[in-house]
Amino acid sequence: MRRKWFAALLAGALVTAGVTGCGGGDAGSGSGSGGDKITLGFSQVGAESGWRTANTKSIQESAAQQGIDLKFSDAQGKQENQIKAIRSFIAQRVDVIAFSPVVESGWDTVLKEAKDANIPVILTDRAVDSQDTSLYKTFIGSDFVLEGKKAGEWLVKEYQGKNDPVNIVELQGTPGAAPANDRKAGFAEVIKADPKFKVIASQTGQFTRTDGKEVMEAFLKTYPDIDVLYAHNDDMGLGAIEAIEAAGKKPGTDIKIITVDAVKDGMTALSEGKINYIVECSPLLGPQLMDLAKKVKAGEQVPQRVLTEETTFTQEQAKAALPERKY
Ligand code: GYE
């Protein structure tokens, strides 16, 4: 501790990391409430899906509940907007910066700027591929590779004992986004064990309903014998369901559907038999994020990785869970 104080004297910038509430070098959080109120700058991906809407709500509500001054910025799906937002948070000297990186690559420069300004960064929901892990304090979110694996494992079980080829089409999330990369990789790893599983087409549907529908329409035109759709989120799956129905096929029966997220609309389609299986990905990261923001601001040690706990849903399980589903 004494070493910390000494270092703080030498480099005023260190004070924020070592001491709370003492009006350290980085005081004047902009909240105007006399030092204790934490200002958190948060750069959100956008509003591309039901998951994202629930995530935004969770963050805004938890900030209000925990008395954190939230500066919320919507990047509308663009990395350049997120970089601008982060730079503006640095200029405003917020206490903590958190963001959900739209893509994995290209963050080193701006993260270094935050580090040089002594503003701790928390990665929320999605990872970055920076080699230098000292550029952020912690990463809170799901294990997307595991989610992909869970999707693959369901499929392997579903087709156990059958030898005919299984033609799979895949709707990927936003190109370059961690959940798109990892959900693809996890799924591929599990199904590759059996050559009957063939991914005959794989394309991005941008995590949105509109694109999911459009790409599925194209898949249906090109491939008359699709057995399975694996969509990296519920929204793309829901868009695809519209395309499948419009093509005169029965989603969930003629084409089996696996999605990720488990938002209410997805769970409803699952309970109606239009989706066959959903791997849960929880968007309710707000309370943990606020907790971590307080801890990093106080200079407390936090784990490098905070994993979200989640489950999977069959059609029966969705029926049971739906009445209680909050988002
Ligand atoms: O699965 C998808 C959203 O990053 C986990 O982004 C998130 C993903 C989520 O648009 O619906």
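Scroll up to find the structure.
First, a word on what this report is: a plain description of the structure on this page. (Residues numbered from 1 in each chain as written. Predicted model: local features only at pLDDT ≥ 70, side-chain atom pairs only at ≥ 80, totals over all residues. Heavy atoms only, no water.)

### Side note on the side chain of Glu310
Consideration 1: The topology assignment puts Glu310 in the loop between β11 (305–307) and β12 (312–313).
Consideration 2: Within the buried core, Glu310 has no salt-bridge partner, and the shortest N-O distance to an opposite charge, that of Lys150, equals 5.7 Å.
Consideration 3: For Glu310, the side chain forms a polar contact with the side chain of Ser142, separated by 3.0 Å.
Consideration 4: Leave out the neighbours within four places in its chain, and Glu310 touches Ser142, Asp143, Glu147, Lys150, Glu280, Cys281 and Ser282. (Helix = DSSP H or I, 4+ residues; strand = E, 2+ residues; numbered from the N terminus. Buried < 20%, exposed > 50% of the residue type's maximum accessible area, 1.4 Å probe, protein only. Lys, Arg positive; Asp, Glu negative; His and termini not counted. Salt bridge = Lys/Arg side-chain N within 4 Å of Asp/Glu carboxyl O. Polar contact = N/O pair within 3.5 Å; in protein donor to acceptor, adjacent residues only side chain to side chain. Contact = heavy atoms within 4.5 Å.)

### Some remarks on the packing of helix α4 (residues 79–92) against helix α5 (residues 108–116)
Consideration 1: Direction vectors running N to C along α4 and α5 enclose 10 degrees, while the axes themselves pass 10 Å from each other. By the angle between their directions, the pair α4 and α5 is classed as roughly parallel. Of α5, the residues touching α4 (which contributes Ile83, Ile86, Arg87 and Ile90) are Thr109, Val110, Glu113 and Ala114.
Consideration 2: Each residue belonging to the contact of α4 with α5 can be placed in one class, and the counts come to five nonpolar, one polar and two charged. (Axes fitted to C-alpha atoms, helices over the stretch in contact; angles between N-to-C directions. Parallel < 35°, antiparallel > 145°, perpendicular 65-115°, else oblique. Nonpolar A, V, L, I, M, F, W, Y, C, P; charged D, E, K, R; others polar.)

### Examining the site of the ligand
Consideration 1: Inspection of the region around the ligand gives 13 residues, with Glu48, Asp125, Arg126, Arg183 and Asp261 positioned closest.
Consideration 2: Within the side chain of Arg52, one N or O atom sits 3.0 Å away from an oxygen atom of the ligand.
Consideration 3: The side chain of Arg126 places a nitrogen or oxygen atom 2.7 Å from an oxygen atom of the ligand.
Consideration 4: Here the ligand loses 100% of its free accessible area of 300 Å² to cover by the protein chains.
Consideration 5: Elements with a minimum of two residues in the shell around the ligand: α3 (50–65) and α7 (178–191).
Consideration 6: Broken down by class, the residue content of the shell around the ligand amounts to five nonpolar, two polar and six charged. (Near = heavy atom within 4 Å. Areas by Shrake-Rupley, 256 points an atom, 1.4 Å probe, with all protein chains shown as cover.)

### Some remarks on the pattern of salt bridges
Consideration 1: Evaluation of the coordinates by the stated rule reveals 20 salt bridges.
Consideration 2: Glu48 is the salt-bridge partner of Arg52, the closest N and O atoms lying 2.9 Å from each other. There is no split in this pair, since Arg52 and Glu48 are both buried.
Consideration 3: Each of Glu48, Arg52, Asp125 and Arg126 takes part in one network of salt bridges that share partners.

### Some words on the pairing of strand β4 (residues 121–124)
Consideration 1: In β4, alternate side chains face the same way, and those of Val121 and Leu123 on one face and Ile122 and Thr124 on the other are all buried.
Consideration 2: In the classification by handedness, the crossover that spans strand β3 (residues 96–99), the intervening α5 and the parallel β4 is right-handed.
Consideration 3: Note: β4 against strand β5 (residues 138–141), three bridges, orientation parallel. Looking at the pairing, Thr124 lines up with Ile140 of β5. (Right-handed = clockwise from strand over helix to strand, strands pointing away. Pairing = 2+ DSSP bridges.)

### Considering the environment of Val190
Consideration 1: Tracing the backbone through its elements, the reader meets Val190 in helix α7.
Consideration 2: Val190 sits 40 residues away from Lys150 along the chain, and the two C-alpha atoms are 8.5 Å apart.
Consideration 3: With near-sequence residues (within four places) excluded, Val190 lies in contact with Lys149, Gly152, Glu153 and Val156.

### A short note on the environment of Glu153
Consideration 1: Turning to its location among the elements, Glu153 is positioned in helix α6 (residues 144–158).
Consideration 2: According to the relative accessible area criterion, Glu153 is partly exposed, its value standing at 45%.
Consideration 3: Taking C-alpha positions, Glu153 is 6.5 Å from Val190, a pair spaced 37 residues apart along the chain.

### Considering the pairing of strand β8 (residues 228–231)
Consideration 1: Going residue by residue along β8, you find Val228 and Tyr230 tucked away on one face and Leu229 and Ala231 tucked away on the opposite face as well.
Consideration 2: Direction of pairing for strand β6 (residues 166–172) relative to β8: parallel, over a ladder of four bridges. For Leu171, the partnering residue across the bridge sits in β8 and is Ala231.
Consideration 3: Taken together, the three bridges between β8 and strand β9 (residues 256–261) define a ladder with parallel strand orientation. Looking across to β9, one finds that Leu229 is bridged to Ile257.

### Considerations on the sheet that holds strand β7 (residues 197–204)
Consideration 1: Spatially, the six strands line up as an open sheet ordered β7-β6-β8-β9-β10-β12, and their pairing is mixed. Unpaired on one side and paired on the other, β7 and β12 mark the two borders of the sheet.
Consideration 2: Examined bridge by bridge, β9 and strand β10 (residues 277–280) share four bridges and lie parallel to one another. Residue pairing for β10: Asp261 is matched across the bridge by Glu280.

### Some remarks on helix α9 (residues 234–246)
Consideration 1: A rise of 1.5 Å per residue sets the reference length of α9, with its 13 residues, at 18 Å; its end C-alpha atoms lie 18 Å apart and thus fit the reference within 8%.
Consideration 2: In terms of burial, α9 is largely enclosed, as 10 of its 13 residues are buried.
Consideration 3: Taken as a whole, α9 has its buried residues at Asp234, Asp235, Met236, Gly237, Leu238, Gly239, Ala240, Ile241, Ala243 and Ile244.
Consideration 4: Gly248 occupies a position one or two residues after α9 and carries a positive phi of about 80 degrees. (Expected span 1.5 Å × (residues − 1).)

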